[in-house]
There are 2 protein chains.
Amino acid sequence: MRVVVLGAGLVGGAIARDLASGGEFEVTVVDTSQAALARLADQPGVVAMRADLTVAAEVRRALEHQDLVVGAVPGHMGLATLRKVLDCRKPVVDISFFPEDPFELDSLAREAGVPALVDFGIAPGCSNLIFGRMQAEFDTVERFVCLVGGLPSVPTWPWEYKAAFSPADVLEEYTRPARYVAGGRMVTMPALSEAEFVDFPGVGTLEAFNTDGLRTLLSTAKVPFMQEKTLRYPGHIERIRVLRESGFLGTEPVEAGNVKVRPLDLTSRLLFPLWQLAEGEEDLTVMRVSIEGMHGGRRIRRTFQLLDRFDPATRTSSMARTTGYTCTAGVRLLAGGMFHRTGIVPPEFVGREQACYDFVIAELGRRGVVFAERTEVLE
Amino acid sequence: MRVVVLGAGLVGGAIARDLASGGEFEVTVVDTSQAALARLADQPGVVAMRADLTVAAEVRRALEHQDLVVGAVPGHMGLATLRKVLDCRKPVVDISFFPEDPFELDSLAREAGVPALVDFGIAPGCSNLIFGRMQAEFDTVERFVCLVGGLPSVPTWPWEYKAAFSPADVLEEYTRPARYVAGGRMVTMPALSEAEFVDFPGVGTLEAFNTDGLRTLLSTAKVPFMQEKTLRYPGHIERIRVLRESGFLGTEPVEAGNVKVRPLDLTSRLLFPLWQLAEGEEDLTVMRVSIEGMHGGRRIRRTFQLLDRFDPATRTSSMARTTGYTCTAGVRLLAGGMFHRTGIVPPEFVGREQACYDFVIAELGRRGVVFAERTEVLE
């Protein structure tokens, strides 16, 4: 079977390597950057192809003779790329995490008669998958909370943060108002709000704060309380707040010296080099999903906790592992004919099907991405 | 007697009002800003005069028929203005706190046959005055430490700081390497270094850190240990350090958006409005000078502690009170013929003379600026 991976970034590369290593796929990786493709040059079973994915004809050329597509392009070009893929009527697993509503493309995918698994990473991704499974198992779900963060293993002052993905997206996450659900109604809070300390075994105390990460769950799930928070080492978010309060994240140009400059442009320019994970620098992913509700007549809480680390053997970042291996499990789900539904498919839809859920969790487990589960009865 | 005050800023205005209120002086205030002069319009006994003090002929015009001069211009034009005053052979008390070495003008002042009291504020100023007095009283001075800060009475997040004087000078103080004396030798440390918490009755815990504030004492005093530290509410300096570490205080232009901008220019632009004391906003001045050494055969420590607050009756800021009233005491010292030495005179020279010291301290005390004194015998 032939799979084409669109995007040869950190995560796209890990996806291509994982797909090729199983032996069941012929893998092609497409990117506009020769440098990104070159990093996969020594990978057996992976063919590199240079193409400009913003051009429909180039996407068509890249998808010719392919059976399955992985979308791993930067978020800002995600929706347009997915549309082009669906125009070619190919099944696709997407992890570009574009900001727009994926259901815009639902009828297009249905007409094409193919599934488009979207947001199929770690969070969004596994968090939704777990939600879908719990929704199927519980009588009623009353509360869903997802805490998640990608962090450097060794925090260094002053930011104690490195991004395995684009730092521009991080600053965007720090400014976009955060939506969550309380009392069955949507609540919109400022970004970075409601910070609290949470302890994680093996990592210590982290700080959780509101980010706008519920995504498809805001429309697909009816639950009285749903919240997603991002995790950072304590103090990081206070420093960001100081920047925000002082205007350093502003997007209106201000006069400085004899030029007009958007403060956010300068802030991005200064912080990005400081936030870049160095080659081989170890990261970790920490996540805790907890679901409360009625189950067999009792109120219970089920908790799924993950602590994943950089893999020194393959020099694969934890962010690439957790996001990429969820994605490759999705690819194998489709390749194996286990999931049949067409249209836009967020992970919560996949999680509802026990066999699909078990398959993804098992695939992750085989690669060392393991959720510790716990069930508590609440009085 | 006729006194002219050059500069009608916050401190210059307080000086003019104090001099006029005693009845013994005819006071003229000179400034280039009509708005600054207007604030003194309703002040009995004060004549406002508009002039550009960067022009020698204008200074000459302003000083004609004057007996005594006060220099209260911004630091960056301080030295040039003082030179013009000395060219007119007038005795002067200066609080412009210019960065250059005032002794550059020593021979000019001597040739003019007039005293030029420089740095005659609170710190530098009273701190040096006290040092001079202690140097005269002690057998040997071994250690001199001055902790000083001007703060808003009510700290507000995130900066917990307001400047009664130019915020540009504050950022300059935060970047210039700090010199102090240890083991009899000059030590140069980064600005903001060696932060420590210090408790002050009535204010609470403050944070002290190195700033380059010893000024004339570096050349006039021979003491094994001399240090000046600035006081802020705890946390302020950490936030400044985060800015510095991330490049926000950089002076090399960087590309941001499509313009090149000096990060410090943008940072100044964003912080200055946040750091401005609002009209009537209450500030305080806190200072602790401690001197250790041999005195009558015993090792002792003498401590002089000040906590001064905004005066709601006259709406005079504490910074203007402490700096301005030290300056007006200096003016009255010269007017009363109590100090005879010509040339550049830093306050430590004045403090050596008991009568002069007592006079300045008494003048300050009469205005509520009171040092609490304590003597301890060490071991």
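Here, every reference points to the structure presented above.
Residues numbered from 1 in each chain as written. Chains lettered and ligands numbered in written order. Predicted model: local features only at pLDDT ≥ 70, side-chain atom pairs only at ≥ 80, totals over all residues. Heavy atoms only, no water.

K.L.:
Looking at this structure, I do not really get the interface of chain B and chain A. What am I missing?
P.N.:
You'll often see interface size given as the accessible area lost when the parts meet. Contact residues are listed per partner, giving 27 residues for chain B and 27 residues for chain A. In total, about 2,300 Å² of surface goes out of reach between chain B and chain A, with carbon and sulfur atoms giving 76% of it. The interface formed by chain B and chain A includes two salt bridges. A salt bridge links Arg239(A) to Glu238(B); the nearest nitrogen and oxygen atoms lie 3.6 Å apart. Applying the counting criterion to the chain B and chain A interface returns six residue pairs in polar contact (both at pLDDT 80 or more). Ranked by residues supplied to the side of chain B that touches chain A, first place goes to helix H10 (residues 263-275) of chain B with eight residues. Grouping the constituent residues of the side of chain B that touches chain A by class yields 15 nonpolar, four polar and eight charged. (Contact = heavy atoms within 4.5 Å. Buried area = accessible area lost by both parts, 1.4 Å probe. Salt bridge = Lys/Arg side-chain N within 4 Å of Asp/Glu carboxyl O. Polar contact = N/O pair within 3.5 Å; in protein donor to acceptor, adjacent residues only side chain to side chain. Helix = DSSP H or I, 4+ residues; strand = E, 2+ residues; numbered from the N terminus. Nonpolar A, V, L, I, M, F, W, Y, C, P; charged D, E, K, R; others polar.)

K.L.:
How should the packing of helix H7 (residues 167-175) of chain B against H10(B) be read in this particular structure?
P.N.:
Axis angle and axis distance: for two packed helices, these are the angle between their axes and the distance between the axes, and together they describe the pair. All names here are of chain B. Their axes nearest at 9 Å, the elements H7 and H10 cross at an angle of 125°. Classed by the angle they form, the pair H7 and H10 counts as oblique. Viewed along their axes, H7 and H10 form a crossing whose handedness is right-handed. Contacts between H7 and H10 involve Pro-167, Ala-168, Val-170, Leu-171 and Tyr-174 from the first element and Leu-264, Ser-268, Phe-272 and Trp-275 from the second. (Axes fitted to C-alpha atoms, helices over the stretch in contact; angles between N-to-C directions. Parallel < 35°, antiparallel > 145°, perpendicular 65-115°, else oblique. Left-handed = near helix turned anticlockwise from the far one by under 90°.)

K.L.:
Would you mind showing me how to read the sheet that holds strand S2 (residues 26-31) of chain A here?
P.N.:
Backbone hydrogen bonds are what pair the strands of a sheet, in a parallel or an antiparallel way. Residue and element names in this part refer to chain A. Read across the sheet, seven strands follow the order S3-S2-S1-S4-S5-S6-S17 without closing on themselves; strand pairing throughout is parallel. Looking at strand neighbours, the two that pair on one side only are strand S3 (46-50) and strand S17 (343-345), the edges of this open sheet. Sheet twist, expressed as the mean angle between neighbouring strand axes with direction ignored, is 20°. Two elements, strand S4 (residues 68-71) and strand S5 (residues 92-94), share three bridges in a ladder whose sense is parallel. Considered in S5, the bridge of Val-69 is made with Val-92. Sheet strands touched by helix H4 (residues 78-87): strand S1 (2-6), S4, S5, strand S6 (115-117) and S17. Its angle to S5, the strand with the most contacts, is close to 175°. (Pairing = 2+ DSSP bridges.)

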